[in-house]
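Chain by chain, the residues:
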Number of protein chains: 2
Amino acid sequence: MIRRLCIVGTGLIGGSLARDLRRLGKVAEVVGSSRHAANLERAVELGVIDRFDVDVARAVAGADMVVVAVPLGAIPGVFERIRDAVDDDAIITDVGSVKGSVVAAACSVLGPRLPRFVPAHPIAGTEHFGVDASIERLFERRRVILTPTTETGADALERVSRMWETVGAEVVEMDVTRHDEILAATSHLPHMLAYTLVDVLGGMKERAEIFRFSAGGLRDFTRIASSDPRMWRDICLANRDAVAEAIERFGSELDRLAGAIRRGDGEFVHRAFTRAKSVRDEYS
Amino acid sequence: MIRRLCIVGTGLIGGSLARDLRRLGKVAEVVGSSRHAANLERAVELGVIDRFDVDVARAVAGADMVVVAVPLGAIPGVFERIRDAVDDDAIITDVGSVKGSVVAAACSVLGPRLPRFVPAHPIAGTEHFGVDASIERLFERRRVILTPTTETGADALERVSRMWETVGAEVVEMDVTRHDEILAATSHLPHMLAYTLVDVLGGMKERAEIFRFSAGGLRDFTRIASSDPRMWRDICLANRDAVAEAIERFGSELDRLAGAIRRGDGEFVHRAFTRAKSVRDEYS
């Protein structure tokens, strides 16, 4: 049971978590904070939070669980503003999609609070964002990856795990570098490809016809290009080495495929597609 | 009304077309042909065709409408085998995803039959294939592009248009080269990206974890990598210049993005993502 939950950044993830914990009766009070009062008023209206404070230091006071759910680039600033304002027994956790940069910020900013900080990444979301996009049961049967530091206390880890399990997620622990490499491949790279494809198509002179003569394949393929540009800019920059490396690895495979197509090497092309299809069919 | 429809290649597209024409009472008899008797027996069982003949020359005899729905690479061979077997008044059309290569094959093979040949491309399909994947209403509100040659007769064009409109499609005409360029961008390129991404991920040592920790975004993004490898090999090779050029255009944009990420150029990245999001939101 959480006595007072403070959600810093009351958007899709923070809002959906608050909705579920309230629905399940696992939290007594939810306080929201964000730089945008309008968003917070909307969150109260939607019944996602009980009250709010745009001053994050005041918002976290008295909370026993603080969930930092702002875009990655804003996390270090939030850590600085809450460090001296949180209760001594408060647990701090985040939901950032990149963990190396968050852990680095926590280590350099949180100081004595570090044992009660738990880096976390719920692998859930949609291409929509903001508190209006928050929904119930977003985390059911989804995975939440925790990347504890050597400083992270067992009790804090346990409480954050339990919070996510309460809303239906499967919690796993992972090394922080491994997390960032895997997510670069499985999530960040596909987003870069979708954004780049839509940007290329949008820049072509046949633009109107291109979209007119597209089918469901393109629509599904580019759905993630509707995601929040700021959030994804932050992810790219926070995980820049792993993302750039994943892009380059992909780029050289794509070059090899283009070469095979140019020289009419049907064998190469057929082998590559068959390999991919069998992987896709196995994991879907 | 079609008296006898011959579907050469009774798979997803040919089978779905036959299903709708029968359902709507717009065809008296449907004859199937394919190299695989088992597939044809299944098509009879499913009620997609009335009867079949694995010998395509015998199958087309007496038909007033012949729809060639085999993979692109097999189309020239089918044209050769049916040229002297079809009735003089029979209309021949195809459903190939690339039109330049089909038109070239028709011009060099069909000879005096050319005025009754209509190159067509229904922009519809799923990642599934074979007659078991054929469904009713696949073409409703979808577009069918016709790329007539200077030889194509007005009556043949009209009858093929009407056939597709009957099953709910919107028919448009387009220049053959333009068709192949637009489809390279909007359909062939995304398939190359999806196949390449899954192939890259499948080749990584963290393969099992990569798919375990992926979310809906990756699943949607890679759905098209389950498509028929042979069909897509044929499409790449038939449209090789336009496909290779689309890949290269994409590759250089992706390189620019990787460069911006490496140097931490958040402005560049944010602008690119914002541009893409606005295009995607406009057309979805």
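Structure: above.
Residues numbered from 1 in each chain as written. Chains lettered and ligands numbered in written order. Predicted model: local features only at pLDDT ≥ 70, side-chain atom pairs only at ≥ 80, totals over all residues.

Caption draft 1: Quick peek at the nonpolar core. Counting 208 residues, the largest nonpolar core has L5(A), V8(A), V66(A), L5(B), V8(B) and V66(B) as the members making the most contacts within it. Contact partners of L5(B), with chain neighbours within four places excluded, come to A18(B), L21(B), V27(B), V30(B), A63(B), M65(B) and V67(B). (Core = buried A, V, L, I, M, F, W, Y, C linked by C-beta atoms within 7 Å. Buried ≥ 20, exposed ≤ 12 C-beta atoms within 10 Å, placed from the backbone. Contact = placed C-beta atoms within 7 Å.)

Caption draft 2: Local environment of the environment of V30(B). Residues and elements named next belong to chain B. Assignment of secondary structure puts V30 in strand β2 (residues 27-33). For V30 and G47, which are 17 residues apart along the polypeptide, the C-alpha to C-alpha distance reads 9.9 Å. With sequence-adjacent residues up to four places away left out, V30 is seen in contact with L5, I7, A18, R22, I49 and D50. (Helix = DSSP H or I, 4+ residues; strand = E, 2+ residues; numbered from the N terminus.)

Caption draft 3: Examining the relation of the copies chain B and chain A more closely. With an RMSD of 0.0 Å, the fit of chain B onto chain A corresponds to turning through 180 degrees and sliding 0.0 Å along the axis. Taken together, the rotation and translation relating the two chain copies correspond to the operation of a two-fold axis. No C-alpha of chain B approaches the rotation axis more nearly than that of F221(B), which lies at 2.2 Å. (Least-squares fit on C-alpha atoms with pLDDT ≥ 70 in both.)

Caption draft 4: Highlighting the pairing of strand β1 (residues 2-8) of chain A. Residues and elements named next belong to chain A. Across the 7 residues that make up β1, a large majority, 5, are buried. The sheet contact formed by β1 and strand β2 (residues 27-33) spans 6 bridges and is parallel. If you follow R4 over to β2, its bridge partner there is E29. For the crossover from β1 across helix α1 (residues 12-23) to β2, the handedness is right-handed. (Pairing = 2+ DSSP bridges. Right-handed = clockwise from strand over helix to strand, strands pointing away.)

Caption draft 5: Expanded view of the sheet that holds strand β7 (residues 120-123) of chain A. All names here are of chain A. The sheet built from 3 strands is open, its strands ordered β7-β8-β9 with mixed pairing. Single-partner strands in this sheet number two, and they are β7 and β9 (170-173). Within this sheet the neighbouring strands show an average axis-to-axis angle of 20 degrees, counted without direction. Looking at chain direction, strand β8 (residues 143-146) and β9 are connected through 4 bridges and run parallel. Each bridged residue has a counterpart across the sheet, and for L146 the counterpart in β9 is E173. (Axes fitted to C-alpha atoms, helices over the stretch in contact; angles between N-to-C directions.)

Caption draft 6: Quick look at the sheet that holds strand β8 (residues 143-146) of chain B. Residues and elements named next belong to chain B. Taken in spatial order, the 3 strands line up as β7-β8-β9 in an open sheet, and their pairing is mixed. At either margin of the open sheet sits one strand with a lone partner, and together these are β7 (120-123) and β9 (170-173). Taking the axes of each pair of neighbouring strands and ignoring which way they run, one obtains an average angle of 20 degrees across the sheet. In this sheet, β8 lies alongside β7 in antiparallel orientation, the contact comprising 4 bridges. Bridged to A120 within β8 is L146.

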